[in-house]
Amino acid sequence: MEKTFLMVKPDGVQRALIGEIVSRFEKKGFQLVGAKLMNISEDLAKEHYGEHKERPFFGELVDFITSGPVFAMVWEGKDVILTARNMMGKTNPSEAAPGSIRGDYAVQVSNNIIHGSDSAESAVREIGLFFKEEELVSYDKAVAVWI
Ligand code: GTP
Ligand code: MG
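Residues numbered from 1 in each chain as written. Chains lettered and ligands numbered in written order. Predicted model: local features only at pLDDT ≥ 70, side-chain atom pairs only at ≥ 80, totals over all residues. Heavy atoms only, no water.

Asks: When you look at the overall build of the protein chain in this model, what are you seeing that I'm missing?
Replies: Each helix and strand in the protein chain was counted, giving 7 helices and 4 strands. Reading the helices (α) and strands (β) of the protein chain from amino to carboxyl end gives β-α-α-β-α-α-β-α-α-β-α. A compact globule built from 147 residues should have a C-alpha radius of gyration of about 15 Å, and the protein chain, at 15 Å, falls within 12% of that. Among the 147 residues that make up the protein chain, the fraction classed as buried is 45%. (Helix = DSSP H or I, 4+ residues; strand = E, 2+ residues; numbered from the N terminus. Rg over C-alpha atoms; globule rule 2.2 N^0.38 Å. Buried < 20%, exposed > 50% of the residue type's maximum accessible area, 1.4 Å probe, protein only.)

Shown next, in the form of structure tokens:
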């Protein structure tokens, strides 16, 4: 089954949105297979956001993502990568649709609450960066037949 890496960023943790965000993905019908509250080191931040290292905001991005704990998660489900991106909303909260996480809870692009893998390749790479194999749990849910 497809997996994606999602992370409540430091602003989402500070604003007490972990429960709300987890709840949205649970209610949608996706399955949580790994999660942890953690601080991101500068090295991990630079690696995770490596694709943006030439961007003018790279320093700010690394400072922000290391500024407080994040809630890192792995979710599983059919088309979960794309669907989670749609549930998050556009990168800039001012363009994110109402009903999406960024559309409902964020104002500025630099504080947009949640990260989600943007492709199958990024999902594999990011899950590997944040989680050890043994930290992911494989289990069946009886309700799966109804989703
Ligand atoms: P992530 O899920 O966090 O990767 O966001 P994204 O995939 O929707 O956007 P992208 O990967 O293009 O950019 C990564 C992050 O950089 C965004 O989520 C923003 O928080 C941040 N970012 C993008 N543009 C700006 C900017 O102009 N200024 C600042 N400070 N941050 C920016
Ligand atoms: Mg991105």
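From this point on, the discussion continues.
Asks: Just to check I follow, could you spell out the UniProt feature "binding site: ATP" (unreviewed entry) in the protein chain for this structure?
Replies: When the UniProt feature table is mapped onto this chain, "binding site: ATP" (unreviewed entry) is found at Lys 9, Phe 57, Arg 85, Thr 91, Arg 102 and Asn 112. Mapped onto the secondary structure, Thr 91 falls in the loop between α5 (80-88) and α6 (101-105). In this structure, Thr 91 is in contact with Arg 102, Val 109 and Asn 112, ignoring residues within four places of it in sequence. Here Asn 112 shows up in the loop between α6 and β4 (114-116). If we ignore the near neighbours within four places in the chain, the residues touching Asn 112 are Lys 9, Asp 11, Thr 91, Pro 93, Arg 102 and Ala 106. Among the polar contacts made by the side chain of Asn 112, one reaches the side chain of Lys 9 at a distance of 2.7 Å. (UniProt positions renumbered as here; feature names shortened; annotations may be inferred. Contact = heavy atoms within 4.5 Å. Polar contact = N/O pair within 3.5 Å; in protein donor to acceptor, adjacent residues only side chain to side chain.)

Asks: What's the story with the site of ligand 1 in this structure? I'm lost.
Replies: Of all residues adjacent to ligand 1, which total 15 residues, the nearest are Lys 9, Glu 60, Arg 85, Thr 91 and His 115. Here Arg 85 contributes a side-chain N or O atom positioned 2.8 Å from an oxygen atom of ligand 1. Interatomic distance of 2.8 Å between a side-chain N/O atom of His 115 and an oxygen atom of ligand 1. The fraction of the free accessible surface of ligand 1 (600 Å²) that becomes covered by protein chains is 83%. Residue composition of the shell around ligand 1, grouped by class: 5 nonpolar, 6 polar and 4 charged. (Near = heavy atom within 4 Å. Areas by Shrake-Rupley, 256 points an atom, 1.4 Å probe, with all protein chains shown as cover. Nonpolar A, V, L, I, M, F, W, Y, C, P; charged D, E, K, R; others polar.)

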